[in-house]
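Remarks on the overall topology
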Amino acid sequence: MLLSKGLNGFSLQELAASLNIKKASVFHHYPSKNALAIELYRFYQNAFIAWVEKYNHLAPEKQIMQYAETLTRWISEKQRVCPVGALSLEWQQVDPDLQTEIKKLHELQKDWLNSLFKQMDISIPRGEAVICTMSLLQGSLQLARITGDPNLGKKNLKSYLKSIKA
């Protein structure tokens with residue numbers, strides 16, 4: 001619900017009803033919607049770390065392409081939105097503690113890409129390659145949803161990585 005409706009688009013009562021549990025059960029584990037969202041983003045952080053460990057045996061470019069494929073499949077096939085971009089439209093209303101967890105996920109991804117680009121021979125500054133890659137993926141995921149082409153991100157990323165090789 002957080003990803004599809006935004007943080008302010010649902011209530012814990014609605015969440016409990018969709019799960020066929022009592023609202024009190026939700027409040028037993030999460031005293032607020034914000035606490036639930038913080039826990040969700042911590043889950044995403046740990047899931048990303050586990051994903052990186054699973055694929056760190058691949059060459060850097062292959063890791064990046066595998067990430068694009070995994071992210072595209074997770075988002076496109078299941079009609080989800082990117083966890084980092086999910087709350088960007090309501091960022092000013094997001095609690096600072098939740099903003100911190102979202103930024104941690106972003107930084108994990110950024111640091112991972114930075115470490116991969118360190119190992120690659122590229123023709124542009126590493127920081128620029130990192131931000132361009134993240135932006136390209138974010139934009140491609142949105143366009144893939146509009147155009148119905150789930151391979152758009154992978155195609156765009158493959159072209160981009162080829163273009164920045166030294």
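These figures come from a predicted structure and were not determined experimentally.

This next bit is on the overall build of the protein chain. Looking only at helices and strands, the protein chain features eight helices and zero strands. Beginning at the N terminus, the succession of helices and strands in the protein chain can be written as α-α-α-α-α-α-α-α. Along the longest, intermediate and shortest principal axes, the C-alpha atoms of the protein chain span 55 × 30 × 30 Å. In the protein chain, which comprises 166 residues, the proportion classed as buried is 39%. When contacts within the protein chain are restricted to residue pairs at least 6 apart in sequence, long-range pairs at least 24 apart make up 63% of them.

Our focus in this paragraph is the nonpolar core. Of all hydrophobic cores here, the largest spans 38 residues; its most connected members are Tyr41, Ile64, Leu98, Trp112, Phe117, Leu157 and Leu161. Those elements that provide at least two residues to this core are helix 4 (33-55), helix 5 (60-77), helix 6 (96-118), helix 7 (126-147) and helix 8 (152-163). Here this core takes eight residues from helix 4, the largest share from any one element. Residues in contact with leucine 98, not counting those within four places in the same chain, are Leu7, Asn34, Ala37, Ile38, Tyr41 and Leu87. Counting six residues, the second largest nonpolar core, distinct from the first, contains Leu12, Leu15, Ala16 and Leu36.

Attention now goes to the environment of phenylalanine 43. Looking at the secondary structure, you find phenylalanine 43 in helix 4. By relative accessible area, which is 52% here, phenylalanine 43 ends up exposed. In the structure, phenylalanine 43 is positioned 62 residues away from leucine 105 in sequence and 9.8 Å away in space, judged by C-alpha atoms.

With respect to the helices and strands, glutamate 90 occurs in the loop between helix 5 and helix 6. Of the side chains with opposite charge, lysine 33 comes closest to the buried, unpaired glutamate 90, at an N-O distance of 7.8 Å. Apart from residues no more than four positions distant in its own chain, glutamate 90 is found in contact with Gly6, Leu7 and Asn8.

Calculation rules
The written sequence of each chain sets the order in which its residues are numbered from 1. In keeping with the model being predicted, local features are shown solely for residues with a pLDDT of at least 70 and side-chain atom pairs are shown and tallied solely at 80 or more, while totals for entire chains, interfaces and linings include all residues. The basis for every side-chain value is the complete set of non-hydrogen atoms in the structure, without hydrogens or water. Comment: elements are numbered from the N terminus, with helices defined as DSSP H or I runs of at least four residues and strands as E runs of at least two. The buried label goes to any residue with under 20% of its type's maximum accessible area, the exposed label to any with over 50%, and the partly exposed label to all in between, with areas taken from a 1.4 Å probe on protein chains only. Note on definitions: a residue-residue contact is assigned when non-hydrogen atoms from the two residues lie within 4.5 Å. The criterion is simple. A nonpolar core is a set of buried Ala, Val, Leu, Ile, Met, Phe, Trp, Tyr and Cys residues joined through side-chain atoms within 4.5 Å. The charge count treats Lys and Arg as positive and Asp and Glu as negative. His and the chain ends do not count. Salt bridge, as used here: a side-chain nitrogen of Lys or Arg that lies within 4 Å of a carboxyl oxygen of Asp or Glu.

Taken by themselves, the reported measurements are silent on function.
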